[in-house]
Amino acid sequence: MAVHLDIVDRKTYYRTVPHPATVYDSVEFALTVSAVCGTLYILVTDEDDSAVGMVWGKDDVGTWAAPFSAPYALCSMSRPDMPVPLQALRAIARYVDAESYGKWRIVLPPEFYAPALIHSAVEAFGALGHELFCDRNYAHPALAQMSSVARRNLRKAERHGSFTLVTDADAGAVYDLIAEHHRQLGYEMAMTRNQVLATARAIPMDFFMVTDGDIPAAAAYYQHTAPHIVQMINWGDTAEARPLRVTNWMDHAISLYYAKLGISTIDLGPGTHHGIPNEGLEHFKTSLGCTVSLKHIIAGHAL
C-alpha cells in the first residue's frame, strides 16, 4: 500500500493523529517541552486516509532525536484501532535517516506497552541503524507477588506501625524530599523542581508522601503513561526511615491505591542505564514482583 509523508505544523499534526501511544506522544506533553533548534511533526497517510505521526527534535549540531525530552517516545495515530503501521514507520525511518545523514537516535518504550507496535518500530529503524543500547525495564502488576525477602521487609515496616500514605501530597514537598535523598547518595535530579511542577500541570501525575507520625519518611511521584499504566518517575526516603524498610511499605501502599483505581501495571522504570546494570536496584525491583521488558535505544549509522 502506498503511503504519503508530509511535514506539518503542530496544530495539523495533533488534529490528524489525536491518539498517542503513550502520554509522551501527546499534545499535552509536547506543550511542556521544546527542541533546541526545532521540532519536526512527521505525518504519514495511506490510501485509506489512516495516518501515523512521529515528533522529532533537532539539536544545534544536527542530531535528530525522538524523544528530545522524555523517557521514551513512539507515535500517534488517527484512530485507536489501527493495524500495526509498519509501512508508515518504515517511511518515517527512511526520511529521518536521509534528512539527518544518519545522525538520529530513538528511545522506544518498554516492550510491554505495545508489543506489536514497538517490535515494528524496532524493525523499521533497526534496518537503517543499529541498537545503541538495550535497557532492562521493570514493571509489576498492581497486586504483585513479592519475593520472600520483600515480604519480610514489608512485615518489618508494618511492625513499626506508624507509617501513613498521603495520596494528594504537596508536589513541591515531595520533590524536595526526593532531591535530598538523591543528594545524600551522590545523585543529581534529572529534572528541576520547576520542570516537574510544570509537567504536573500538563499531564496526569500523582504525588505521594509517607509520614511517620507527623514526620516525612519517604516520597514518590508517578505519571499516568498509558491506559491502565502508571510509571514511577522518582522516589526516595529519609536516612532515618531507611532501616525500617519504608520504601517496601510505600511501594505496597501505592500499589493498593492504584489497584482500587483500576490501574493494572506499575512501571518502576529501568534497572540498567545504557546497558550498564545497577545490580542492587535490579534485585530490589525484582523482589517487588517485577518482570523484565526490554527498552530499545536505536541510532543511525553516524552516531
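Our structure's up above, just so we're on the same page.
So, here's what we can say about the structure.

Cut-offs and rules
Residues numbered from 1 in each chain as written. Predicted model: local features only at pLDDT ≥ 70, side-chain atom pairs only at ≥ 80, totals over all residues. Heavy atoms only, no water. Phe/Tyr/Trp six-rings, centres within 6.5 Å; stacked < 30°, edge-to-face > 60°. Core = buried A, V, L, I, M, F, W, Y, C linked by side-chain atoms within 4.5 Å. Buried < 20%, exposed > 50% of the residue type's maximum accessible area, 1.4 Å probe, protein only. Helix = DSSP H or I, 4+ residues; strand = E, 2+ residues; numbered from the N terminus. Salt bridge = Lys/Arg side-chain N within 4 Å of Asp/Glu carboxyl O. Expected span 1.5 Å × (residues − 1). Pairing = 2+ DSSP bridges. Disulfide = S-S within 2.5 Å.

## Observations concerning the packing of aromatic side chains
Then step 1. One pass over the full model with this rule turns up 19 aromatic pairs.
Then step 2. Members of the aromatic cluster, joined through ring pairs, are Tyr 24, Phe 29, Tyr 72, Phe 112 and Tyr 113.

## Notes on the nonpolar core
Then step 1. In this structure, Trp 56, Ile 106, Phe 125 and Tyr 221 are the most contacted members of the largest nonpolar core, which totals 50 residues.
Then step 2. The greatest single-element share of this core, amounting to six residues, is contributed by helix 3 (residues 86-99).
Then step 3. In terms of nonpolar packing, the next biggest core, distinct from the first, is built from 28 residues, Ala 220, Tyr 222, Ile 266 and Leu 268 among them.

## Thoughts on the pattern of salt bridges
Close approach of charged atoms allows side chains with opposite charge to pair.
Then step 1. Counted by the stated rule, this structure contains six salt bridges.
Then step 2. Of the charged contacts in the structure, one is a salt bridge between Arg 79 and Asp 81, with a shortest N-O distance of 3.1 Å.
Then step 3. Judged by its relative accessible area of 32%, Arg 79 is partly exposed.
Then step 4. A relative accessible area of 57% means that Asp 81 is categorised as exposed.
Then step 5. Across the pair Arg 183 and Glu 180 runs a salt bridge, and its minimum N-O distance is 2.6 Å. Note that Arg 183 and Glu 180 are positioned in helix 6 (residues 171-185) at a spacing of three residues, about one turn of the helix.
Then step 6. Classification of Arg 183 by relative accessible area gives exposed; the value is 54%.
Then step 7. A relative accessible area of 31% means that Glu 180 is categorised as partly exposed.

## Re helix 8 (residues 246-260)
Then step 1. Relative to the 21 Å expected for 15 residues at 1.5 Å per residue, helix 8 spans 21 Å between its end C-alpha atoms, a close match to the ideal helical length.
Then step 2. When we look at burial in helix 8, the residues that qualify are Val 246, Thr 247, Asn 248, Trp 249, Met 250, Asp 251, Ala 253, Ile 254, Ser 255 and Tyr 258.
Then step 3. Positive phi appears at Gly 262, one or two residues downstream of helix 8, with a value of about 90 degrees.

## Looking at unusual backbone geometry
Negative phi values dominate among residues other than glycine, just as trans dominates among peptide bonds.
Then step 1. Note the cis peptide between Ala 66 and Pro 67, where omega equals 0 degrees.
Then step 2. Residue placement: Pro 67 occurs in the loop between strand 5 (64-66) and strand 6 (76-77).
Then step 3. Although it is not a glycine, Asp 49 adopts a positive phi angle of roughly 65 degrees.
Then step 4. In this structure, Tyr 101 is a non-glycine residue whose phi angle is positive, near 55 degrees.
Then step 5. In this structure, Tyr 101 sits in the loop between helix 3 and strand 7 (104-107).

## Considerations on the pairing of strand 7
Then step 1. Two strands pair when backbone bridges link them, and strand 5 and strand 7 are joined in this way by three bridges, in the parallel orientation. Residue pairing for strand 7: Ala 65 is matched across the bridge by Arg 105.
Then step 2. Bridge analysis of strand 7 against strand 16 (residues 291-300) gives three bridges, and the strand direction is antiparallel. Residue pairing for strand 16: Arg 105 is matched across the bridge by Ala 299.

## A look at the environment of Ala 190
Then step 1. Looking at the element boundaries, Ala 190 is found in the loop between helix 6 and helix 7 (193-202).
Then step 2. Ala 190 sits eleven residues away from Ala 179 along the chain, and the two C-alpha atoms are 9.9 Å apart.

## Remarks on the state of the cysteines
Then step 1. A full pass over the atoms with the stated rule returns zero disulfides.
Then step 2. Cys 134 supplies the cysteine sulfur nearest to Cys 75, a cysteine that is in no disulfide, at a spacing of 19 Å.
Then step 3. Its relative accessible area of 1% is what places Cys 75 among the buried residues.

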